[in-house]
Amino acid sequence: TQPTTHRHVRDGYFEFGSLLNFSASWASVGKEHLKNLRIRFTAKFGLRINDDAYIGVGLRSAHFFANWGGFITYLNAKGKIILARPNDKLPLQYEDIILREETKIDIDKDYTFDIKFDDSELNIKIDEFNKVFKVDELPTVYGAGLVRFQAYICRMHIKYLEINKL
């Protein structure tokens, strides 16, 4: 995290995030650049400004901004699941793919993220939701990068984290 980012361990959760400054609302997992991995973690929403808040994780990340952020999977407070993925279309060079429309969720619940990314597929699971992308069908694919948790207008609470290199 940046020095100005809120971070705290509270009630068994690692809590981080900025309510108003997105550029200070991320936390990378170490400094190792990973390409093929499986990440499993349990997270929930903490303090938030409104229901536009989201929590998620970026894989193969080179930066916290989406156009360099690799593949970022988000759950927003309205239950929508989004994948921000790179492409070569100017000016943004990324696109948000809606994987699930708004769905009523319990905002105080822990959500289990289970994402596998290797040379053949990107498999995204959040609780019962599941979506698989074939890597050779993605418009742009980055090489190795950081694992970077991200939150928007909220704090993210992480209780469990497991990362396996593939």
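For the structure, check the block above.
Everything in this summary refers to the structure shown in the same document.

Parameters and conventions
- Residues numbered from 1 in each chain as written.
- Predicted model: local features only at pLDDT ≥ 70, side-chain atom pairs only at ≥ 80, totals over all residues.
- Heavy atoms only, no water.
- Salt bridge = Lys/Arg side-chain N within 4 Å of Asp/Glu carboxyl O.
- Helix = DSSP H or I, 4+ residues; strand = E, 2+ residues; numbered from the N terminus.
- Buried < 20%, exposed > 50% of the residue type's maximum accessible area, 1.4 Å probe, protein only.
- Core = buried A, V, L, I, M, F, W, Y, C linked by side-chain atoms within 4.5 Å.
- Contact = heavy atoms within 4.5 Å.
- Pairing = 2+ DSSP bridges.
- Axes fitted to C-alpha atoms, helices over the stretch in contact; angles between N-to-C directions.

As for the pattern of salt bridges
In step 1: Overall, the coordinates contain twelve salt bridges when judged by the stated rule.
In step 2: The shortest N-O distance in the salt bridge between Lys 165 and Glu 32 comes to 2.6 Å. Separated by 133 residues along the polypeptide, Lys 165 in strand β13 (residues 154-165) and Glu 32 in the loop between β3 (26-28) and β4 (37-48) bring together distant segments of the chain.
In step 3: Judged by relative accessible area, Lys 165 falls into the exposed class, the value being 55%.
In step 4: For Glu 32, a relative accessible area of 44% corresponds to the partly exposed category.
In step 5: With a shortest N-O distance of 2.6 Å, Lys 109 and Asp 127 are connected by a salt bridge. On the criterion of sequence distance, the pair formed by Lys 109 in the loop between β8 (94-100) and β9 (111-117) and Asp 127 in the loop between β10 (121-126) and β11 (129-134) is long-range, its members being 18 residues apart.
In step 6: The partly exposed category is assigned to Lys 109, whose relative accessible area is 32%.
In step 7: What makes Asp 127 partly exposed here is its relative accessible area of 26%.
In step 8: Sharing partners across several salt bridges, the network here consists of Lys 116, Asp 118, Glu 121 and Lys 134.

What about the nonpolar core?
In step 1: Counting residues in each nonpolar core, the largest one holds 38 residues, and the members touching the most others are Ile 39, Phe 45, Leu 75 and Met 156.
In step 2: Top contributing element to this core by residue count: β4, with five residues.
In step 3: What Met 156 contacts, discounting residues up to four positions off in sequence, is Phe 14, Glu 15, Phe 16, Phe 41, Ala 43, Lys 44, Ile 55, Gly 56, Phe 149, Gln 150 and Ala 151.
In step 4: Formed by five residues, the second largest nonpolar core is a distinct cluster that contains Ile 72, Tyr 74, Ile 82 and Ala 84.

As for unusual backbone geometry
In step 1: Across the junction of Leu 90 and Pro 91, the peptide omega takes the value 5 degrees, indicating a cis bond.
In step 2: Mapping Pro 91 onto the fold places it in the loop between β7 (81-86) and β8.
In step 3: The phi dihedral of Arg 60 falls on the positive side, at around 55 degrees, and the residue is not glycine.
In step 4: As for its position among the elements, Arg 60 is in strand β5 (residues 54-61).
In step 5: Classification of Arg 60 by relative accessible area gives buried; the value is 2%.

Focus on the sheet that holds β13
In step 1: Pairing is antiparallel in the open sheet, where seven strands are placed in the order β1-β2-β13-β4-β9-β10-β11. Each edge of the sheet is formed by a strand with only one pairing partner; in this case those strands are β1 (7-10) and β11. The average undirected angle you get between the axes of adjacent strands in this sheet is 25 degrees.
In step 2: Here β4 runs beside β9; their pairing, made up of seven bridges, is antiparallel. Its bridge partner being in β9, Ile 39 is matched across the sheet by Ile 115.

These figures come from the coordinates and say nothing about function on their own.
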